[in-house]
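# Descriptive analysis of the structure
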Amino acid sequence: QVQLVESGGGLVQAGGSLRLSCVASGHTSSITAMGWYRQAFGKQRELVAHIGSGGSTVYADSVKGQFTISRDNAKNTVYLQMTSLKSEDTAVYYCNVEYEIGYPDWGQGTQVTVSS
């Protein structure tokens, strides 16, 4: 079992930046990929960015060039650096970890609100 705690969300003006962090604890040696998803009000949860165990990354088209995902395996932490934020980036952002076997785990979510 892995526990995930996200932080770094908040209220920011359009054009601003935020960095989200997600710290994993527990049986972290079983983690392979890590990622960030978001869910805006009334919409489905969607992938924002994903980083594999080797560091390969995948981004949603909507955030390419704007967001950067990274991970520090020594700290069991995944980050999402968000820049040039827009109102459409407003959502609850969820951390996600995957394993070779079994279902992924999710964090509790952190709210990001971008005011225009």
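Residues numbered from 1 in each chain as written. Predicted model: local features only at pLDDT ≥ 70, side-chain atom pairs only at ≥ 80, totals over all residues. Heavy atoms only, no water.

### Looking at the nonpolar core
Trp36, Leu80, Met82 and Tyr93 are the most contacted members of the largest nonpolar core, which has 29 residues in total. At the level of secondary structure, the elements contributing two or more residues to this core comprise strand 1 (2–7), strand 3 (18–26), strand 4 (31–39), strand 5 (46–51), strand 7 (67–72), strand 8 (77–82), strand 9 (91–99) and strand 11 (110–115). With five residues, the top contributor of residues to this core is strand 9. Discounting residues that sit within four places of it in the chain, Met82 has contacts with Gly16, Ser17, Leu18, Leu20, Gln66, Phe67, Tyr93 and Val112. (Core = buried A, V, L, I, M, F, W, Y, C linked by side-chain atoms within 4.5 Å. Buried < 20%, exposed > 50% of the residue type's maximum accessible area, 1.4 Å probe, protein only. Helix = DSSP H or I, 4+ residues; strand = E, 2+ residues; numbered from the N terminus. Contact = heavy atoms within 4.5 Å.)

### Considering unusual backbone geometry
Residues other than glycine seldom take positive phi values, yet Asn76 does so here, at roughly 55 degrees. Summarising the element assignment, Asn76 is placed in the loop between strand 7 and strand 8. One non-glycine residue, Ser84, lies in the positive phi region at around 45 degrees. Relative to the helices and strands, Ser84 resides in the loop between strand 8 and strand 9.

### Considering the pattern of salt bridges
All told, the structure shown has three salt bridges when counted by the stated rule. Among the ionic pairs, Arg38 bridges to Asp89, the shortest N-O distance being 3.0 Å. One end of the pair, Arg38, is in strand 4; the other, Asp89, is in the loop between strand 8 and strand 9, and 51 residues separate them in sequence. Note on accessibility: Arg38 and Asp89 belong to one class, buried. With a closest N to O distance of 3.0 Å, Asp61 and Lys64 form a salt bridge. A relative accessible area of 63% means that Asp61 is categorised as exposed. What emerges from the salt-bridge pattern is a single network uniting Arg38, Glu46 and Asp89. (Salt bridge = Lys/Arg side-chain N within 4 Å of Asp/Glu carboxyl O.)

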